[in-house]
Amino acid sequence: MTPEEQNKALEAWQTSARYWDKYRVLIAQMFAPLTAGLVEEARIGIGQKVLDIGGGSGEPSLTISCIVGPTGSVMYTDPVAGMVETAQAEAGRRGLTNIYFRQCSADDLPFADRTFDVAVGRLSAMFFVDPVTAVREALRVIREDGCVSLVVWGPKEVNPFFSTVTDVIDRFVEGTPLDPDAPDAFRFAVPGKLAGILENAGAKNVIERQLNFQIKAAISFEQFWQLRTKMSGTLREKMAGLAPTQLPTVKQAVADAAWRYFESGTMSFPAQALIVSGRKSAA
Ligand SMILES: C[S@@+](CC[C@H](N)C(=O)[O-])C[C@H]1O[C@@H](n2cnc3c(N)ncnc32)[C@H](O)[C@@H]1O
């Protein structure tokens, strides 16, 4: 990524921050199984010191802060000022006192060696500028017996929460073919790819698990449409490429593709993620 591309990506996240804040309750519900998966995989418990990399509007930091309790702590990190502000404001509203905030990128963590027990990242590893350097950094700042756990999306084909919208829009907007290693939600969808990154970075006992779950919330198609078209910078950019007259046709085509995932006021999409974990030292 060139420095210009990096700035553009961070600006897009800065714009996304207000929508991730606006939809925070829904996001927390929809992606709760991912947090639960990370907590289980990294064996997070009372008293631990946890690093969250790319914490966005606050997850999994906010949930983990309650799990580790007053004898533990969470260090939330994200390179985007707007994300840090919204996450910090939410922690304040909840009166959480064991959570700390730093604005920084995954590949340059401003912490001393062996500061944390565990490092986690929920849906952020796909956007790291240099994933091997980022994982090396995560390994550096955890204890010798610590682990790193990252959760990323599985293939687009088994994630209709995304594909129902993007497949339609891609029929209308010509895009440049994506470099498979460029930051993107599906950058690590191929099994083994993120595990290989952890191994290259020096992690031991690397394990990849598939997590199948439902993305569920009590929302209508209209609310889903609003949320999906606002939360992602890539999608906002593609939508901006549509002529205003095309918009109703695109929306109707997405509604036709998505109707089966909406029933009695509830949205429920099957989804697949991969949780990839590695240890600093061999067990
Ligand atoms: C899809 S959001 C996930 C946010 C949150 N963890 C969640 O699951 O709700 C991706 C996050 O990665 C962050 N991010 C982008 N580039 C990053 C980098 N180089 N290092 C760390 N985080 C990054 C973005 O700012 C954004 O907050």
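Figured I'd write up the structure that's included with this text. (Residues numbered from 1 in each chain as written. Predicted model: local features only at pLDDT ≥ 70, side-chain atom pairs only at ≥ 80, totals over all residues. Heavy atoms only, no water.)

Some remarks on the side chain of T35
Okay, so step 1: Relative to the helices and strands, T35 resides in helix α3 (residues 32–41).
Okay, so step 2: A relative accessible area of 4% places T35 in the buried class.
Okay, so step 3: Look past the residues within four positions of T35 in its chain and what remains in contact with it is E59, P60, T63 and R122. (Helix = DSSP H or I, 4+ residues; strand = E, 2+ residues; numbered from the N terminus. Buried < 20%, exposed > 50% of the residue type's maximum accessible area, 1.4 Å probe, protein only. Contact = heavy atoms within 4.5 Å.)

Description of the site of the ligand
Okay, so step 1: Near the ligand lie 18 residues; those nearest to it are G54, E59, D78, A106 and R122.
Okay, so step 2: Note that an oxygen atom of the ligand is positioned 2.7 Å from one of the side-chain N or O atoms of D78.
Okay, so step 3: One of the side-chain N or O atoms of S105 is found 3.1 Å from a nitrogen atom in the ligand.
Okay, so step 4: Contact with the protein chains covers 97% of the free accessible surface of the ligand, which is 590 Å².
Okay, so step 5: Its residues assigned to classes, the shell around the ligand comprises 10 nonpolar, five polar and three charged. (Near = heavy atom within 4 Å. Polar contact = N/O pair within 3.5 Å; in protein donor to acceptor, adjacent residues only side chain to side chain. Areas by Shrake-Rupley, 256 points an atom, 1.4 Å probe, with all protein chains shown as cover. Nonpolar A, V, L, I, M, F, W, Y, C, P; charged D, E, K, R; others polar.)

Description of the packing of helix α9 (residues 221–231) against helix α10 (residues 233–240)
Okay, so step 1: Interhelical geometry of α9 versus α10 gives an angle of 100° and a closest axis separation of 5 Å. Overall, the two elements α9 and α10 adopt an arrangement that is roughly perpendicular. The segment α9 lies against α10, with W225, R228, T229, K230 and M231 engaging G233, L235, R236 and M239.
Okay, so step 2: Taken together, the residues of the contact of α9 with α10 sort by class into four nonpolar, two polar and three charged. (Axes fitted to C-alpha atoms, helices over the stretch in contact; angles between N-to-C directions. Parallel < 35°, antiparallel > 145°, perpendicular 65-115°, else oblique.)

Let's talk about the environment of P155
Okay, so step 1: Looking at where P155 falls in the secondary structure, it is placed in the loop between β5 (142–153) and α7 (160–172).
Okay, so step 2: Judged by relative accessible area, which is 23%, P155 ranks as partly exposed.

A look at α3
Okay, so step 1: What α3 keeps buried is the set L34, T35, G37, L38, V39 and E41.
Okay, so step 2: Each element contacted by the buried residues of α3 is listed here: α4 (61–68), β4 (116–122), β5, β6 (204–217) and β8 (266–279).
Okay, so step 3: Directly after α3, the chain includes R43, whose backbone phi takes a positive value near 50°.

Overview of unusual backbone geometry
Okay, so step 1: A cis amide bond links E59 to the next residue, P60, at an omega of 10°.
Okay, so step 2: The topology assignment puts P60 in the loop between β1 (49–53) and α4.
Okay, so step 3: Residue R114 is not a glycine yet carries a positive backbone phi of 55°.
Okay, so step 4: We note that L123 has phi near 60°; this positive angle belongs to a residue other than glycine.
Okay, so step 5: On the secondary structure map, L123 appears in the loop between β4 and α6 (131–141).
Okay, so step 6: Owing to a relative accessible area of 13%, L123 belongs among the buried residues under this scheme.

Observations regarding the pairing of β5
Okay, so step 1: In terms of residue burial, β5 counts as a mostly covered element, since nine of its 12 residues are buried.
Okay, so step 2: Relative to β5, β4 is paired through six bridges, and the arrangement is parallel. Bridging from a neighbouring strand, R122 pairs with V151 of β5.
Okay, so step 3: What joins β4 to β5 is α6, and the crossover it makes is right-handed.
Okay, so step 4: Here β5 runs beside β8; their pairing, made up of seven bridges, is antiparallel. Opposite S149, over in β8, you have S277 as the bridge partner. (Pairing = 2+ DSSP bridges. Right-handed = clockwise from strand over helix to strand, strands pointing away.)

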